[in-house]
Amino acid sequence: MLVWQFEVIDEFSDPDFIRAHIDAMSETQRRVHVWTTATLDVAYPLTYGALFFGLALRFLGPLFTLPAIAVIVTDLTEGFVQVQLLTGNLDLLWTKAYLTPAKLTLFYICALLSLITLVVAWRRRGRKAG
């Protein structure tokens, strides 16, 4: 983003701010943002989601995988909406007000669950060694 001198809209949720931000972007900046969202922003949630899912399943159980599944779906949906917005279809602009906070909340829940899995794994390892 430094090369193209713009800020991604991934963590913005205010529709009016997003509209103004997109309007202020050049065509090149929008195109780069679309490609970034359509590639990296697909790979990233699949990668961190798989990590969160695997840790939860291995150390906490199947029920604790639900936030990981939800964050993957939410992040990918948000990415689809962002591509729509950046290519001129602003009909879905209102959804960013819900998707982005949901994605961030789910991500933090998954991160916390992952920290818990580290404690569980550490304690299990200590019991096996002793």
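Here we summarise the structure given alongside this text. This is a predicted model, so every value here is computed, not measured. (Residues numbered from 1 in each chain as written. Predicted model: local features only at pLDDT ≥ 70, side-chain atom pairs only at ≥ 80, totals over all residues. Heavy atoms only, no water.)

## Quick word on the packing of aromatic side chains
- Tallying each qualifying case throughout the model produces seven aromatic pairs.
- Here the aromatic rings of Y48 and F52 are separated by 5.6 Å at their centres, their planes lie at 55°, and the arrangement is tilted. Residue Y48 and its partner F52 are both found in helix α2 (residues 27–59); the two are separated by four residues, about one turn of the helix.
- A residue is classified by how much of its surface remains accessible, and Y48, at 8% relative accessible area, is buried.
- Judged by relative accessible area, which is 9%, F52 ranks as buried.
- Geometrically, the ring pair formed by W94 and Y98 is edge-to-face, given 6.2 Å between the ring centres and 75° between the ring planes. (Phe/Tyr/Trp six-rings, centres within 6.5 Å; stacked < 30°, edge-to-face > 60°. Helix = DSSP H or I, 4+ residues; strand = E, 2+ residues; numbered from the N terminus. Buried < 20%, exposed > 50% of the residue type's maximum accessible area, 1.4 Å probe, protein only.)

Functional significance is not addressed by these values, which are geometric in nature.
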